[in-house]
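Chains, contacts and geometry: an overview
Given next are the chains, with one letter for each unit.
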Amino acid sequence: MTLVLAVLSYGISAVAVVLFTLRAFEMYRRIKSGQPDPTRGSNKGKRLALMTKEVLGHTKMLNFTGSGIAHWFVMIGFVALFGTLVTAYGQVLNPEFVLPIIGKWDPYIYFVLGIAWATGISIVTLIGIRQITRLVRKGRSSRFFGSYNKRAYFVEAVILVIVFCVVGLHELEVRLANGEEVGSQISLLATVKIVVSMTWFIVVASNLRMGVAWHRFLAPFNIYFKRNVGSAPTLGALPEMLSKGKPIDFEDPKEDDLFGIGKAADISWKGLLDMASCTECGRCQSQCPAWHTEKPLSPKLLVMAMRDHALAKVPSDKPIVGETISPDVLWSCTTCGACVNECPVDIEHIDHIVNMRRFQVLVESEFPTELGGTFKNLEKAGNPWGANRMDRNSWIAECNFPVKVIEGELPETVEYLFWVGCAGAYEERARKTTKAVAELLYMAGVEFAVLGSRETCTGDPARRAGNEFLYQILSRENIETFKEVYANYKGVKKVVVTCPHCFTTIGRDYRQQGYELEMVHHTQLLNQLVKAGKLKPVNKATNKLTYHDPCYLGRHNQIYEPPRELLESTGVEVVEMPRNKERSFCCGAGGGRMWMEEKLGTRINLNRVDEAIATGTPEVAVGCPFCRVMVSDGMTGRGSDVAVLDVAQALLRTVKQESSERATNQSSDMGSPINSTQDKSKSEIDKNDSNNSTPFDADTSAD
């Protein structure tokens, strides 16, 4: 009997070790065959520390507290119980076998037993969560929808059997020590433990696409090689467009340059590592606005499909979009970042989506028809609407205070360059925000100036819609303008913006071209001015409102508190929507979606405004012109009278009258503006604003 058990245990172990080793090398070979990406090897010490913190601390998993704690114990058990497997090999031949030195040490014995029980309870908890979710949340509402659940059941069953074996062997070892004849039972149970463990390795080795198992080995490496070295999610700037590991020279591209991802062979090794690391947990799917509004995009299913396509045969010449990923999936993404923010193994979904868009736009010329007009407007007029470039200054004529427009270099007396942006210059609702911010800065005595017609679109819509070539043109034009403006400027180059998309593109994307500025969102600056006493809200509001976190201000740049602090300074009570801060729900305008028709599923902005309306507050505050448009349109679509206003407007209607008087007095010391508006009476301004719905200045009214 002992011989049979030994042959079975050692034989299956030999097969498992050889097979798993060969397949692990095959996994390594396939991932390594991806396109080079030299940006992942810097800051090795920081990367190692970050990986250790994320893995051992389960920093992202603990966002889902119950399942996060349970998963932590299962992960620890996988390593901590390895000694029991070694012991089992000895017990097959000798039931009294124990590990040298620590085998009979009570602290080790109790540690193993405690970990075994914790692992067992945790895996039962995870099984329960999976089953309850499956039963309570039917179909698409389940984050496990589309996952290979049978593979997960297998992994969970193996862990449960191993725990039973560890606990059972401990009980038999105690009985053996007490003189009972249980040696054969120990050998048999030890064999069961070995066979089950090795069967797991054989099954995993037989399928390189079994992410629910392979992530145990690959996830730490994926976290280590994440694009941004830091605790924040890999959001903000998009990755530089590489071809064979080198940035593409768009002025003189090579004939064999790769423009994005068109087939499996175009995916970088880090992209393949992303896909192989996917656990199919569905946390990305559970937060995706496209998926929540019945669109075909699920970040999880997209990564799984790319993995199955790429790891089945690398390299593959079959096109991904059309063959594996439908165009509707690709263009449903708003690049809100919820998927990247939630992923416990730091998969960079947006990078892959945008890289596929790049190929579709630059190589295939296949993209939604609406984008054709947007690209043409950006190219010819420098803004998505195709409005006259010279009209960028028209909002200034509606102000009753001077606004400097820089024609040459920025004077040293000017502290902030106010980047108005396309929406802030042309879109009627966003112009109210622009005027409110300008007036508040004037009241606070802050020296600021604008570029006027010298501005052009930052390139955000083009880049995130895949038109990298157009983005390069627009960004270079703006960078040249910045260089001219700041040519002899000695101070800190500070730029204040109202648009989080401009904030991200100028502040983070432009760094890839070697140009950096200190970017400040208007909610940050205004909050600083209030704290410094330069703006004093005295007409304190007594109402309630809710605040919508813009994706590109919150998740992409981790700015959550300044807008809330600013609102609270006005006296309002901020009532949070259930989905707020890092889990705020997208308005639906990002990733170029602002200029595309939403033909599939239900509207994202309607989903969001329903949540805002449910708070019962009469107003919604926003900090982004895109969000303002989408939320306003959503309120109109719902027939709601809930007002929508920017945070700056909420402040402007409450600031101290003395602030305005002080600013007026200070303006006499400011010198003549380079260009200024003519004074207009308040009655004239009110007359020009047909949407004025408050007893305050028209510039502070909500939509």
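Residues numbered from 1 in each chain as written. Predicted model: local features only at pLDDT ≥ 70, side-chain atom pairs only at ≥ 80, totals over all residues. Heavy atoms only, no water.

Here we take up the overall build of the protein chain. Looking only at helices and strands, the protein chain features 28 helices and 11 strands. Partitioning the contacts of the protein chain with sequence separation of at least 6, the portion at a separation of at least 24 is 78%. For the protein chain, the computed accessible surface area is about 28600 Å², with 57% contributed by carbon and sulfur atoms. Across the protein chain, the 79 positively charged side chains and the 77 negatively charged ones have centroids separated by 5 Å. (Helix = DSSP H or I, 4+ residues; strand = E, 2+ residues; numbered from the N terminus. Contact = heavy atoms within 4.5 Å. Areas by Shrake-Rupley, 256 points an atom, 1.4 Å probe, with all protein chains shown as cover. Lys, Arg positive; Asp, Glu negative; His and termini not counted. Charge placed at Lys NZ, Arg CZ, Asp CG, Glu CD.)

In this structure the tally under the stated criterion is 25 aromatic pairs. Ring geometry for Tyr224 versus Phe225: centroids 4.8 Å apart, planes at 85°, classification edge-to-face. Judged by relative accessible area, which is 15%, Tyr224 ranks as buried. Centroid distance Phe482 to Tyr515: 6.1 Å. Interplanar angle 10°. Geometry classified as stacked. (Phe/Tyr/Trp six-rings, centres within 6.5 Å; stacked < 30°, edge-to-face > 60°. Buried < 20%, exposed > 50% of the residue type's maximum accessible area, 1.4 Å probe, protein only.)

Leaving glycine aside, a negative phi is the common case for residues, and trans is the common case for peptide bonds. A positive phi angle is found at Glu280, which is not glycine, with a value near 65°. On the secondary structure map, Glu280 appears in the loop between helix H9 (269-277) and helix H10 (283-287). Glu280 sits in the buried class, given a relative accessible area of 4%.

A word on the sheet that holds strand E5 (residues 448-450). In space, the 5 strands of this open sheet follow the order E3-E5-E4-E6-E7, with parallel pairing throughout. Edge positions in the sheet fall to strand E3 (404-405) and strand E7 (518-521), since each of these pairs with one other strand and no more. Bridge count for strand E4 (residues 416-419) against E5 is 3 bridges, and the pairing is parallel. Within E5, the residue paired with Phe418 across the bridge is Val450. Sheet strands touched by helix H21 (residues 500-507): E4, strand E6 (494-497) and E7. Its angle to E7, the strand with the most contacts, is close to 170°. (Pairing = 2+ DSSP bridges. Axes fitted to C-alpha atoms, helices over the stretch in contact; angles between N-to-C directions.)

Here the focus is the environment of Gly459. Residue placement: Gly459 occurs in the loop between E5 and helix H19 (460-464). A relative accessible area of 0% means that Gly459 is categorised as buried. Sequence-wise, Gly459 and Gln472 are 13 residues apart; in three dimensions their C-alpha atoms are separated by 7.6 Å.

The subject of this paragraph is H9. Counting buried positions along H9 gives 9 out of 9 residues, so the element sits mostly inside the fold. Among all positions of H9, only Trp269, Lys270, Gly271, Leu272, Leu273, Asp274, Met275, Ala276 and Ser277 are buried. Buried positions along H9 lie against helix H1 (2-32), helix H8 (211-224), helix H12 (299-312) and helix H15 (349-364).

A sheet is described by the order of its strands in space; here 4 strands give the open sequence E9-E8-E10-E11, paired in parallel fashion. If you trace the sheet from one side to the other, it starts and ends with strand E9 (573-574) and strand E11 (643-646), each paired once. As paired elements, strand E10 (residues 619-622) and E11 share 4 bridges and run parallel to each other. Residue pairing across strands places Val622 opposite Asp646, the latter belonging to E11. The sheet contacts of helix H23 (residues 561-569) involve strand E8 (544-547), E9 and E10, and relative to E8 the element is tilted by about 170°.

Here we come to a nonpolar patch on the surface. On the surface, Met1, Val161, Leu188 and Val192 cluster together to form a nonpolar patch covering roughly 340 Å² of accessible area. Following the sequence through the fold, Val192 ends up in helix H7 (residues 183-205). (Patch = residues over 30% accessible without salt bridge, like charges linked within 9 Å, V, L, I, M, F, W, Y side chains within 5 Å. Salt bridge = Lys/Arg side-chain N within 4 Å of Asp/Glu carboxyl O.)

Turning our attention to the pattern of salt bridges. Summed over all chains, the structure comprises 46 salt bridges. Of the charged contacts, one joins Glu415 and Lys494 as a salt bridge, the two residues approaching to 2.8 Å between their closest N and O atoms. Of this pair, Glu415 sits in the loop between E3 and E4 while Lys494 is found in strand E6, placing the two residues 79 residues apart along the sequence. One salt bridge connects Arg564 with Glu576, and the closest N-O pair in it is separated by 2.6 Å. Of this pair, Arg564 sits in helix H23 while Glu576 sits in the loop between E9 and helix H24 (604-614), and the two are 12 residues apart along the sequence. Bridged by salt links that share partners, the residues Arg358, Asp460, Arg463, Arg464, Glu468 and Asp509 form one connected network.

A few words now on the packing of H1 against helix H4 (residues 82-93). With their axes 8 Å apart at the nearest point, H1 and H4 run at an angle of 150° to one another. When the axis of H1 is compared with that of H4, the two are roughly antiparallel. Here Thr2, Leu5, Ala6, Ser9, Tyr10 and Ser13 of H1 lie close against H4, whose contacting residues are Tyr89, Val92 and Leu93. Each residue belonging to the contact of H1 with H4 can be placed in one class, and the counts come to 6 nonpolar, 3 polar and no charged. (Parallel < 35°, antiparallel > 145°, perpendicular 65-115°, else oblique. Nonpolar A, V, L, I, M, F, W, Y, C, P; charged D, E, K, R; others polar.)

With that settled, the discussion passes to the nonpolar core. Core analysis: the largest hydrophobic core is formed by 145 residues, its most contacted members being Phe482, Tyr486 and Leu535. A per-element tally of this core places helix H6 (residues 149-177) first, with 8 residues. Tyr486 has contacts with Leu410, Leu417, Lys493, Lys494, Val495, Tyr515 and Leu517, leaving out every residue within four places of it along the chain. Counting 21 residues, the second-largest nonpolar core is a separate cluster that includes Ala423, Val620, Val622 and Met630. (Core = buried A, V, L, I, M, F, W, Y, C linked by side-chain atoms within 4.5 Å.)

Mapped onto the elements of the fold, Arg357 is located in helix H15. For the buried Arg357, which has no salt bridge, the nearest side chain bearing the opposite charge is Asp460, at an N-O separation of 9.6 Å. Here the side chain of Arg357 touches Gly591 through a polar contact of 2.9 Å, landing on its backbone oxygen. Beyond its immediate stretch of four places on either side in the chain, Arg357 contacts Leu330, Trp331, Ser332, Cys333, Thr335, Arg464, Ala465, Gly466 and Gly591. (Polar contact = N/O pair within 3.5 Å; in protein donor to acceptor, adjacent residues only side chain to side chain.)

Right, let's get into the pairing of E6. Burial along E6 is two-sided: Lys494 and Val496 facing one way and Val495 and Val497 facing the other are all buried. Both E6 and E7 contribute to a ladder of 4 bridges, which runs parallel. Considered in E7, the bridge of Val495 is made with Met519. Assessed by its sense of winding, the connection that carries the chain from E6 through H21 to E7 is right-handed. (Right-handed = clockwise from strand over helix to strand, strands pointing away.)

Here the focus is the packing of helix H5 (residues 106-136) against H6. Packing of H5 against H6 brings their axes to within 9 Å, and their N-to-C directions diverge by 150°. Accordingly, the angle class assigned to the pair H5 and H6 is roughly antiparallel. Relative to H6, the crossing made by H5 is left-handed. Along the lines of polarity and charge, the residues of the contact of H5 with H6 split into 16 nonpolar, 5 polar and 3 charged. (Left-handed = near helix turned anticlockwise from the far one by under 90°.)

Its location among the elements puts Asn393 in the loop between helix H16 (369-381) and E3. Remark: the alpha-carbon pair of Asn393 and Ala612, spanning 219 residues in sequence, is separated by 34 Å. Residues in contact with Asn393, not counting those within four places in the same chain, are Val405, Gly452 and Ser453.

As a general rule, the predicted coordinates of low-pLDDT regions are not to be interpreted in detail. Looking at the protein chain, the pLDDT average stands at 88 and 92% of residues meet or exceed 70. This stretch, residues 658-703, has a pLDDT under 50; its non-local contacts, to residues over four places away or in other chains, come to 91 contacts. (pLDDT = per-residue confidence, 0-100.)

Attention now goes to the pairing of E10. Remember that side chains alternate between the two faces of the sheet whenever the strand is regular. With burial as the criterion, each face of E10 is covered, one bearing Glu619 and Ala621 and the other bearing Val620 and Val622. Direction of pairing for E8 relative to E10: parallel, over a ladder of 2 bridges. Looking across to E10, one finds that Thr546 is bridged to Val620. Following the chain from E10 across helix H25 (residues 625-637) to the adjacent parallel E11, one finds a crossover that is right-handed.

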